Amino acid sequence: MDLNFIAFGVYPYIALAVLVIGSVLRFDREQYTWRTGSSQLLRRKQLVLGSILFHVGILAIFAGHFVGLLTPIAVWDFLGVSHGFKQMLAIVAGGLAGAFCLVGGLLLLHRRLFDARIRQTSSFGDTAILAILLTQLCIGLATIPLSLGHRDGHEMIKFMSWAQGIFTLNPQSASFVADVHWIFKAHLTLGLTILLIFPFTRLVHMLSAPVWYLNRRGWQLVRSKRQMPVSRRSGDLPR
């Protein structure tokens, strides 16, 4: 059993299993930790700008990877989208989203590291996961020059075949990325590692959206000006 098969044929299933089972168990047993810590009263402007850039960028990247990798190749061919066009679209859109996310992430990391009050209220996990995400972003952006050398989209087909093969339980999935550049393999491996540690970090809040508030009936607190009767004797107090 070679290392490529272990990394890209076995490890993906371990990461996905831990992601699903770990997230369910944490939500079931540790709901009070299913949140993000708040420090919005400190360096609020930097927080708002960094948070907007980071979240817009990372949502665009996630959507691009999800649609780009998991949409069957036959669907793109049916729609008349050439592999070369899809490759360039991924480079341009992914590069812009990555730049937004990187700038926002650096602002958030700087805020956590260089503000003494925020640093004291931040856990090691909060800072570590942000640093890991920024490392993954840097590796992803570093793949752009290499991708520009494969404008025909042939290299992207390998990653699409690998990702779709994982979800269709294709035992030959790892072979699709066996000969790609090491920086692409590093990007895939760290991405799988992020999925593996996902349930144990603050990233779990991404799975929660307060959509129930959209259908929540309004309510209002009303204070009564009427004074409630008070008993004169302690023995008459309600028990």
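Residues numbered from 1 in each chain as written. Predicted model: local features only at pLDDT ≥ 70, side-chain atom pairs only at ≥ 80, totals over all residues. Heavy atoms only, no water.

(A) View of the overall build of the chain. Regarding its fold elements, the chain presents nine helices and zero strands. Reading the chain from its N terminus to its C terminus gives the helix and strand order α-α-α-α-α-α-α-α-α. Long-range contacts, defined as pairs at least 24 residues apart, comprise 81% of the intrachain contacts of the chain with a sequence gap of at least 6. Counting only carbon and sulfur atoms, one obtains 68% of the accessible surface of the chain, whose full area is about 16200 Å². (Helix = DSSP H or I, 4+ residues; strand = E, 2+ residues; numbered from the N terminus. Contact = heavy atoms within 4.5 Å. Areas by Shrake-Rupley, 256 points an atom, 1.4 Å probe, with all protein chains shown as cover.)

(B) Quick peek at the packing of helix α4 (residues 83–114) against helix α6 (residues 124–142). The interhelical angle for the contact between α4 and α6, taken along N-to-C directions, is 150°, at an axis separation of 10 Å. Compared by their axis directions, α4 and α6 come out roughly antiparallel. Both α4 and α6 take part in a crossing whose hand is left-handed. In contact with Gly95, Gly98, Ala99, Cys101, Leu102, Gly105, Leu106, Leu108, Leu109, Arg112 and Leu113 of α4, α6 contributes Asp126, Thr127, Leu130, Leu134, Leu137, Cys138 and Leu141. Per-class residue counts for the contact of α4 with α6 are twelve nonpolar, four polar and two charged. (Axes fitted to C-alpha atoms, helices over the stretch in contact; angles between N-to-C directions. Parallel < 35°, antiparallel > 145°, perpendicular 65-115°, else oblique. Left-handed = near helix turned anticlockwise from the far one by under 90°. Nonpolar A, V, L, I, M, F, W, Y, C, P; charged D, E, K, R; others polar.)

(C) Representation of the nonpolar core. By size, the foremost hydrophobic cluster in this structure holds 18 residues, and its most contacted members are Phe54, Leu137 and Leu203. Contributing elements (two or more residues each) for this core: α2 (44–70), α4 and α6. Once residues lying within four places of it in the same chain are set aside, the contact partners of phenylalanine 54 are Phe100, Cys101, Gly104, Gly105, Leu108, Leu130 and Leu133. Phe159, Phe184, Leu188 and Leu192 belong to the second largest nonpolar core, which has 17 residues in total. (Core = buried A, V, L, I, M, F, W, Y, C linked by side-chain atoms within 4.5 Å. Buried < 20%, exposed > 50% of the residue type's maximum accessible area, 1.4 Å probe, protein only.)

(D) Examining α6 more closely. Compared with an ideal rise of 1.5 Å per residue, which puts 19 residues at 27 Å, α6 spans 27 Å between its outermost C-alpha atoms and is within 8% of the ideal. The set of residues buried in α6 consists of Asp126, Thr127, Ile129, Leu130, Leu133, Leu134, Gln136, Leu137, Ile139 and Gly140. (Expected span 1.5 Å × (residues − 1).)

(E) Up close: the packing of α4 against helix α8 (residues 154–167). Contact pair α4 / α8: the axes reach a minimum separation of 9 Å and the direction vectors enclose 85°. Judged by the inter-axis angle, α4 sits roughly perpendicular to α8. Listed contacts from α8 to His83, Lys86, Gln87 and Ala90 of α4 are Met156, Ile157 and Met160.

(F) Quick look at the UniProt feature "binding site: heme b 1" (unreviewed entry) in the chain. Mapped onto this numbering, the UniProt entry annotates "binding site: heme b 1" (unreviewed entry) at His55, His65 and His205. Summarising the element assignment, histidine 55 is placed in helix α2. The class for histidine 55 is partly exposed, based on a relative accessible area of 35%. Looking at the secondary structure, you find histidine 65 in helix α2. Once you skip the residues sitting within four places of it in the chain, histidine 65 turns out to touch Leu70 and His187. (UniProt positions renumbered as here; feature names shortened; annotations may be inferred.)

(G) Region of interest: the pattern of salt bridges. Summed over the entire model, instances satisfying the criterion amount to three salt bridges. The partner of aspartate 126 in a salt bridge is arginine 202, with the nearest N and O atoms 3.4 Å apart. Separated by 76 residues along the polypeptide, aspartate 126 in helix α6 and arginine 202 in the segment after α9 (182–197) bring together distant segments of the chain. The same class applies to aspartate 126 and to arginine 202, which are both buried. (Salt bridge = Lys/Arg side-chain N within 4 Å of Asp/Glu carboxyl O.)

(H) Structural detail: unusual backbone geometry. Notably, leucine 169 is not glycine yet its phi reads approximately 60°, a positive angle. Here leucine 169 is to be found in the loop between α8 and α9. What makes leucine 169 exposed here is its relative accessible area of 63%.

(I) Spatial organisation of a nonpolar patch on the surface. On the surface, Val20, Ile21, Val24 and Leu25 cluster together into a nonpolar patch covering about 360 Å² of accessible area. Note on placement: valine 20 falls in helix α1 (residues 3–29). (Patch = residues over 30% accessible without salt bridge, like charges linked within 9 Å, V, L, I, M, F, W, Y side chains within 5 Å.)

(J) Highlighting α8. End to end, α8 covers 21 Å across 14 residues, agreeing with the expected 20 Å (1.5 Å per residue, within 8%). Counting buried positions along α8 yields twelve of 14 residues, so the element is predominantly enclosed. Along α8, the residues classified as buried are Glu155, Met156, Ile157, Lys158, Phe159, Met160, Ser161, Trp162, Ala163, Gln164, Gly165 and Ile166. Looking one or two residues past α8, leucine 169 carries a phi angle of roughly 60°, positive in sign.

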